[in-house]
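# Fold and contact review
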Amino acid sequence: MEEGTIGTDPLDADTDDDGLSDGDEVNTTGTDPLDADSDDDGLTDGDEVNTTGTDPLDADTDGDKLEDGLEVDTYGTDPNDKDTDDDGLNDGREVNTTGTDPLDSDSDDDGLTDGTEVETTGTDPLDADSDDDGLTDGDEVNTYGTDPQSADTDGDSLTDYEEVFDTGTDPTNADTDGDALSDGEEVDVYGTDPLDADSDDDALDDGEEVHTTDTDPLDADTDDDGLEDGEEVETWGTDPTNPDSDGDGLSDSEEVETYNTDPNDADTDDGGVNDGVEVLVDGTDPLDGSDDILDTTDTDGDGLTDKEETGVYGTDRLDADTDDDGVDDGDEVLAGTDPLDADTDDDGLTDGEEVNTTGTDPTDADTDADGLGDGDELVLGTDPLDE
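The structure reproduced in this document is the subject of the present report. Computed from a predicted model, the values in this text were never measured in an experiment.

## Re the nonpolar core
Ranked by size, the top nonpolar core spans six residues in total: Val273, Val277, Leu304, Val312, Tyr313 and Val333. Not counting chain neighbours up to four residues away, the residues in contact with Val333 comprise Gly247, Leu304, Tyr313 and Pro339.

In structure tokens:
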């Protein structure tokens with residue numbers, strides 16, 4: 001083809017000064033000998049053929065949505081490799097869409113490739129800790145198995161970081177020790193050990209103590225009667241919240257360990273006088289009904305004999321309600337409240353108010369176990385029977 005025909009300069013072998021002779025452009029590369037950058041990609045045809053190895057007729061040789069010139073001169077990416085950093089995202093997508101570094105497969109250095117974060121985990125490839133829980137996304141996915149998009153994977157009110165580094169609990173199991181209390185409840189509400197199902201080693205799980213027996217999961221002997229809570233529940237059938245389950249004036253442990261009387265029967269020998277009176281007042285045998293000294297005098301009509309009041313309970317035989325709390329002494333003994341203390345559980349409500357008005361437990365300062373005392377709940381206007 002004549003140079004005059006195509007318009008090239010017959011006196012200049014490289015009319016467009018692109019580094020390729022006019023002949024090579026016409027006969028070999030197919031580029032325009034009158035246009036130094038045939039594909040308008042920012043690279044001369046000669047650079048594309050001789051240096052970068054890109055296609056001088058295709059502005060985006062690798063089809064990654066970045067022109068060859070931008071890849072070479074601006075981003076430093078490989079114009080012949082659509083995913084320069086091999087992270088699973090095309091260079092163009094990293095530059096134009098995700099904002100990640102096309103030269104760094106893990107832009108936020110969290111241990112997950114940008115592609116994995118965008119395509120698989122849904123995490124932010126520009127934020128090493130997408131859920132702000134203190135654990136990197138990579139650690140959550142690759143080490144702990146937690147959800148990198150949820151700061152509290154198991155929903156137990158403890159962040160994944162707290163569980164891994166502070167409490168040592170399982171961040172994928174809301175109840176690590178399987179005691180029916182969530183790890184968060186144990187740490188933040190009850191103060192129990194979330195790694196030990198029985199924090200006080202009394203043979204009752206923490207959850208059982210909180211939800212069933214109403215005992216203190218941090219005190220092996222809630223009622224301080226000398227018998228552990230588990231022993232009372234599982235062996236003797238006594239009330240672990242009442243030191244004198246049958247109200248006879250002898251503690252449960254005294255009955256079991258000293259007198260061999262029945263801690264659930266106020267008159268073990270059925271002789272007509274309760275065990276406490278026999279032991280503490282009359283000196284008779286609480287296991288022999290034939291020696292009982294019967295005296296049913298009840299001057300104040302409170303359900304306790306005068307001997308029981310003066311010799312066992314220390315109450316006033318002339319006053320049916322010794323502590324003036326609205327509950328007669330005999331009823332208090334039967335209920336397990338203290339007839340000498342108007343507010344047995346020290347919750348700010350008298351025993352009478354709890355029994356007759358609020359319906360709360362006069363032996364439990366926090367009847368609904370929500371962390372607020374019954375009296376405080378009434379002041380705040382909340383329901384002391386609903387946690």
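Once the structure has been displayed, the description carries forward.
## Notes on the environment of Gly63
The residue Gly63 is located in the loop between α3 (45-52) and α4 (68-75) in this model. Taking the C-alpha atoms as reference points, Gly63 and Arg317, separated by 254 residues in sequence, lie 101 Å from one another.

## Points about the packing of aromatic side chains
Given two aromatic rings, their pairing is described by the distance between the two centres and the angle made by the two planes. The final tally for this structure, using the stated rule, is one aromatic pair. Taking the centre distance of 4.8 Å and the plane angle of 40° together, the rings of Tyr161 and Phe165 count as tilted. You can see Tyr161 and its partner Phe165 sitting in helix α8 (residues 160-167), four residues apart, about one turn around the helix. Assessed through its relative accessible area of 34%, Tyr161 is described here as partly exposed.

## Focus on the side chain of Asp221
Inspection of the secondary structure assignment puts Asp221 in the loop between α10 (206-213) and α11 (229-236). At 29 Å, Lys307 is the nearest oppositely charged side chain to Asp221, a buried residue that forms no salt bridge. Of note is the side chain of Asp221, whose polar atom sits 2.8 Å from the backbone nitrogen of Gly226. Look past the residues within four positions of Asp221 in its chain and what remains in contact with it is Gly226, Leu227, Glu228, Asp229 and Glu232.

Calculation rules
- Residues numbered from 1 in each chain as written.
- Predicted model: local features only at pLDDT ≥ 70, side-chain atom pairs only at ≥ 80, totals over all residues.
- Heavy atoms only, no water.
- Core = buried A, V, L, I, M, F, W, Y, C linked by side-chain atoms within 4.5 Å.
- Buried < 20%, exposed > 50% of the residue type's maximum accessible area, 1.4 Å probe, protein only.
- Contact = heavy atoms within 4.5 Å.
- Helix = DSSP H or I, 4+ residues; strand = E, 2+ residues; numbered from the N terminus.
- Phe/Tyr/Trp six-rings, centres within 6.5 Å; stacked < 30°, edge-to-face > 60°.
- Lys, Arg positive; Asp, Glu negative; His and termini not counted.
- Salt bridge = Lys/Arg side-chain N within 4 Å of Asp/Glu carboxyl O.
- Polar contact = N/O pair within 3.5 Å; in protein donor to acceptor, adjacent residues only side chain to side chain.

Read these as geometric descriptors, not functional statements.
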